[in-house]
Amino acid sequence: MSKEKTAISAALVAGLFAIAPALSTAAQAAETITVYTTVAPEQLPIYERSFRASNPEISIKWVRDSTGVIAAKLLAEGANTPADIVFSLASENVIQLDKAGLLQPYEPAGYQGLDPKFKDNQTPPHWSGVFAYMAAICFNTIEAEKAGLPLPKSWEDLLDPRFKGKIVMPNPSSSGTGYISVSGWLQTLGEEKAWTFMTGLHDNVAMYTHSGSKPCIQAASGEFPVGISFSSEALQLKKRGAPIEVVMPTEGVGWALSSAAMFKSSKQPEAAKKFMDWAVGVEANKVYAGLWEVIGRPELKGTVEGLRDAPDKLMINNDFRWAAEHRDAVLKQWQDRFGVKSEPKP
């Protein structure tokens, strides 16, 4: 081979090696999706392992925060959001994103097999339910005995003056768990009675937290005897040995449908569709079944110990569209009345 040809070949090889890292980086970036979520940090690896078992070529960048923060962030970012997917956001918030024109309609594979209450009523659907959780009372039996507090059986029982300063609950403006309680009271009691109830409850509340799980964690640790939180968190803490009773009030409980949706602005739409397919599929629902008591696929059963038969009896007839449409007005009124007891934001 001539020196000239050798030089040309060497230059070509050098050029290929030079562009290879760029090609590799581009290929890697093309298979990474950004997922905004409210899922507890310790659960994220569980979901990611399940998804990547059937989609090893796609990696996930998680952006995690509370319901109120994630919803506000997405609305503020609008069409410029870097998110490809929102996962485990309350349906009321997802409906707000849809009204803002941000969601990409898509019917995931397996969508027709979902329980009807997990489905959007549009064709094709703009979002899909993945799992649900209910409001609950976490009651520390040891601390309650010290303070002489009776076990509450209903929401009304929490108005007993003996509970003054003994209750914590989530701020509905920043926590989806807080909003499902407030929305549930408004839908079951009617507006006048619900605000009267919340005023009486406010007298006994020590603090409103910005995390939905924190009130139950505080009750489990004995910091406060009573925490209004959500059932799955309560049952997981009890399973780990916390001295709490999980009370599902007799009037019925509000509940949130955690949902998934993809964005019109997604830079990775095919990868995002694969995530949606997984999110409503059997394998994902097997994971949900070990963590949540209400899941989307009727052929599987939530296995969270303690509430296996409770959902159908306790879940109110939740009107998600009403909850979405009235959310801003409800939260403003709640903040004006009760926000003074909110914990400082971090």
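Everything numeric in this text was worked out from a predicted model, so none of it was measured.

Q: An account of the packing of helix H2 (residues 44-54) against helix H11 (residues 282-289) is requested, with residue identities and associated values reported.
A: At a minimum axis distance of 9 Å, the contact between H2 and H11 shows a crossing angle of 160°. In terms of their interaxial angle, H2 and H11 are classed as roughly antiparallel. The hand of the H2/H11 crossing is right-handed. Packed against H2, whose contacting residues are Ile46, Tyr47 and Ser50, the element H11 presents Glu283, Ala284, Val287 and Tyr288 at the interface. Split by residue class, the contact of H2 with H11 holds 5 nonpolar, 1 polar and 1 charged.

Q: Explain the side chain of glutamate 343 to me, and be specific about the residues and the numbers.
A: Tracing the backbone shows glutamate 343 in the segment after helix H14 (327-338). Of the residues examined, glutamate 343 reaches a relative accessible area of 14% and is grouped as buried. Side-chain polar atoms of glutamate 343 contact the side chain of lysine 214, separated by 2.8 Å. With sequence-adjacent residues up to four places away left out, glutamate 343 is seen in contact with Met207, Tyr208, Thr209, His210, Ser211 and Lys214.

Q: Please provide a residue-by-residue account of the pattern of salt bridges, values included.
A: Oppositely charged side chains may form a pair once their charged atoms are brought near each other. Summed over the entire model, instances satisfying the criterion amount to 13 salt bridges. Salt-bridge contacts for lysine 146 lead to glutamate 143; the nearest nitrogen and oxygen are separated by 3.3 Å. Placement of both lysine 146 and glutamate 143 in helix H5 (residues 141-147) is noted, with a separation of 3 residues, approximately one turn of the helix. By relative accessible area, lysine 146 is classed as exposed at 64%. With relative accessibility at 23%, the residue glutamate 143 sits in the partly exposed group.

Q: Give me the lowdown on the pairing of strand S3 (residues 85-90), citing residues and values where you can.
A: Within S3, 6 of the 6 residues are buried, leaving the element largely enclosed by the surrounding structure. Across 3 bridges, strand S1 (residues 32-37) lies against S3 in parallel orientation. Looking across to S3, one finds that valine 35 is bridged to isoleucine 85. In this sheet, strand S10 (residues 255-263) lies alongside S3 in antiparallel orientation, the contact comprising 5 bridges. Residue pairing across strands places alanine 90 opposite serine 258, the latter belonging to S10.

Q: How would you sum up unusual backbone geometry? Please name residues and give values.
A: With omega at -5°, the peptide bond leading from threonine 123 into proline 124 counts as cis. For proline 124, the location among the structural elements is in the loop between strand S4 (103-104) and strand S5 (128-140).

Q: Which residues make up the state of the cysteines, and what values go with them?
A: Considering all chains together, one arrives at 1 disulfide under this definition. Disulfide partner of cysteine 138: cysteine 216, at an S-S distance of 2.1 Å. Judged by the sign of its S-S torsion, about -100°, the bond between cysteine 138 and cysteine 216 is left-handed. Here cysteine 138, found in strand S5, pairs with cysteine 216, found in helix H8 (residues 214-221); they are 78 residues apart in sequence, far enough to count as distant. For the residue pair cysteine 138 and cysteine 216, the accessibility class agrees, reading buried in each case.

Q: So, the environment of leucine 235: which residues are in play, and what are the values?
A: Structurally, leucine 235 can be placed in helix H9 (residues 231-239). Placed 56 residues apart in sequence, leucine 235 and leucine 291 show a C-alpha to C-alpha distance of 9.5 Å.

Q: How would you explain the nonpolar core if you had to name every residue and give the values?
A: Within the largest apolar cluster, 104 residues are counted, with the highest numbers of intra-cluster contacts made by Tyr47, Phe87, Trp185, Met198, Phe275 and Tyr288. Those residues within four positions of phenylalanine 275 in sequence are excluded, and the remaining contacts are Ile33, Val35, Phe51, Ile60, Trp62, Ile85 and Phe87.

Q: Explain helix H6 (residues 176-189) residue by residue, including any values.
A: In a regular helix each residue adds 1.5 Å, so 14 residues correspond to 20 Å; H6 covers 20 Å between its end C-alpha atoms and thus fits that length. Of all the positions in H6, only Gly176, Thr177, Gly178, Tyr179, Ile180, Ser181, Val182, Ser183, Gly184, Trp185 and Leu186 are classed as buried. A side-chain oxygen of the first residue of H6 lies 3.1 Å from the backbone nitrogen of threonine 177; this N-cap is serine 175.

Calculation notes
Residues numbered from 1 in each chain as written. Predicted model: local features only at pLDDT ≥ 70, side-chain atom pairs only at ≥ 80, totals over all residues. Heavy atoms only, no water. Axes fitted to C-alpha atoms, helices over the stretch in contact; angles between N-to-C directions. Helix = DSSP H or I, 4+ residues; strand = E, 2+ residues; numbered from the N terminus. Parallel < 35°, antiparallel > 145°, perpendicular 65-115°, else oblique. Left-handed = near helix turned anticlockwise from the far one by under 90°. Contact = heavy atoms within 4.5 Å. Nonpolar A, V, L, I, M, F, W, Y, C, P; charged D, E, K, R; others polar. Buried < 20%, exposed > 50% of the residue type's maximum accessible area, 1.4 Å probe, protein only. Polar contact = N/O pair within 3.5 Å; in protein donor to acceptor, adjacent residues only side chain to side chain. Salt bridge = Lys/Arg side-chain N within 4 Å of Asp/Glu carboxyl O. Pairing = 2+ DSSP bridges. Disulfide = S-S within 2.5 Å. Core = buried A, V, L, I, M, F, W, Y, C linked by side-chain atoms within 4.5 Å. Expected span 1.5 Å × (residues − 1).

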